[in-house]
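Chain by chain, the residues:
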Amino acid sequence: MPNKKVFRADVEWKDSNALSYAVFENDRQTLDMVRDAVAQGRVRLAYQPVVMAGNTSRVAFYEGLMRVLDQSGRPIPARAFMAAVEAHEIGREIDCVALALGLRTLAQHPRVRLAINMSARSIGYPKWLRVLRHHLAETPRIGERLILEISETSAMQLSEIVLSFMRQWRGKGISFAMDDYGSGQISIPQLKAFEFDILKIDGQFTRNIHVSTEFHAITAALLAVGKQFERICVAEAVETPADAAWLAALGLDMLQGYAFGAPTVNPDWMLVTTQKTA
């Protein structure tokens, strides 16, 4: 009679192998899709407003969120591909394209302030630095309207490199935002040392906060720490007026989410400028 434990272990090994292969194959297809989109110029920024909590009709800045377009022209959001590309060179190429598109937007729209996402890995990527230097040399003042946004996890992985980079480029007027604040393992002394200008509280804590009472204390604590270090604090993933009201009453400086506008590749301010120059 066959050993049932050996049989079960063999089945579990095969299932695990099949799952690993499926994940690998999905990542490979994603990498190929992104490489193809970048090579063919099928990449765009989608702009989402970040508004003042005390006056939500006033936009403080926009976040430029990376989109690649599939063969039909349908935008694919970064969350669908960034995890697969982050550790590969194509992840650095995506950061280069996003930065170039963002800096071009700032040069063409002098009233816009814009946050562009980047990985800490891109700091040491020569092409990314060339893009930054080139555009700042062409239009030096755009640095004053540029916000470079780095996730808490990415900043922690290369903390010394990020700190040095921030000190170097802050002198050019560039501001820095920590994305997904509260989602990682950053300590209070580390947070103070980084000197991010803006802290964007992770959406897992702020989404549906007017009913999700378990996150009230966490959000309040993250805000209190940010305020102690005189950082601008932004709530991400604000999707309802009730959440917006609750977060504004708590003392958040700015709000971002579908309650104030979905990311779009064709914001009104871009269309108006295009029509004037046509």
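Computed from a predicted model, the values in this text were never measured in an experiment. (Residues numbered from 1 in each chain as written. Predicted model: local features only at pLDDT ≥ 70, side-chain atom pairs only at ≥ 80, totals over all residues. Heavy atoms only, no water.)

Across its full length, the chain holds eleven helices and nine strands. Looking at the chain as a whole, 45% of its 278 residues qualify as buried. The contacts of the chain with a sequence gap of at least 6 include a subset with a gap of at least 24, amounting to 66%. When the accessible area of the chain is evaluated, it comes to approximately 14,500 Å², of which 54% is carbon and sulfur surface. (Helix = DSSP H or I, 4+ residues; strand = E, 2+ residues; numbered from the N terminus. Buried < 20%, exposed > 50% of the residue type's maximum accessible area, 1.4 Å probe, protein only. Contact = heavy atoms within 4.5 Å. Areas by Shrake-Rupley, 256 points an atom, 1.4 Å probe, with all protein chains shown as cover.)

One can describe the packing of helix H9 (residues 216–228) onto helix H10 (residues 241–250) by two numbers: an axis separation of 11 Å at closest approach and a directional angle of 45°. Taken together, the axes of H9 and H10 are oblique relative to one another. The chirality of how H9 crosses H10 is right-handed. Contacts from His216, Thr219, Ala220 and Leu223 of H9 reach H10 at Trp246, Leu247 and Leu250. (Axes fitted to C-alpha atoms, helices over the stretch in contact; angles between N-to-C directions. Parallel < 35°, antiparallel > 145°, perpendicular 65-115°, else oblique. Left-handed = near helix turned anticlockwise from the far one by under 90°.)

This next bit is on the packing of aromatic side chains. Two numbers describe a pair of aromatic rings. These are the distance of the centres and the angle of the planes. Taken as a whole and assessed by the stated rule, the structure comprises seven aromatic pairs. Three or more aromatic residues joined by ring pairs make a cluster, and in this case those are Trp128, Phe165, Trp169 and Phe176. (Phe/Tyr/Trp six-rings, centres within 6.5 Å; stacked < 30°, edge-to-face > 60°.)

Moving on: unusual backbone geometry. One non-glycine residue with positive phi stands out, namely Glu195, at about 55°. Classification of Glu195 by relative accessible area gives partly exposed; the value is 46%. A positive phi angle is found at Ala237, which is not glycine, with a value near 60°. Looking at the secondary structure, you find Ala237 in the loop between strand E8 (232–235) and H10.

A rise of 1.5 Å per residue sets the reference length of helix H4 (residues 126–138), with its 13 residues, at 18 Å; its end C-alpha atoms lie 18 Å apart and thus fit the reference within 8%. For H4, every residue scored as buried is listed here: Trp128, Leu129, Val131, Leu132, His135 and Leu136. Buried residues in H4, looked at end-on, bunch into an arc of 155°, giving them a common side. Along H4, exposed side chains directed more than 90 degrees from the buried face belong to Arg130, Ala137 and Glu138. Where H4 is buried, its residues contact helix H3 (89–108), strand E5 (146–151) and helix H6 (159–170). (Expected span 1.5 Å × (residues − 1). Arc of directions from axis to C-beta.)

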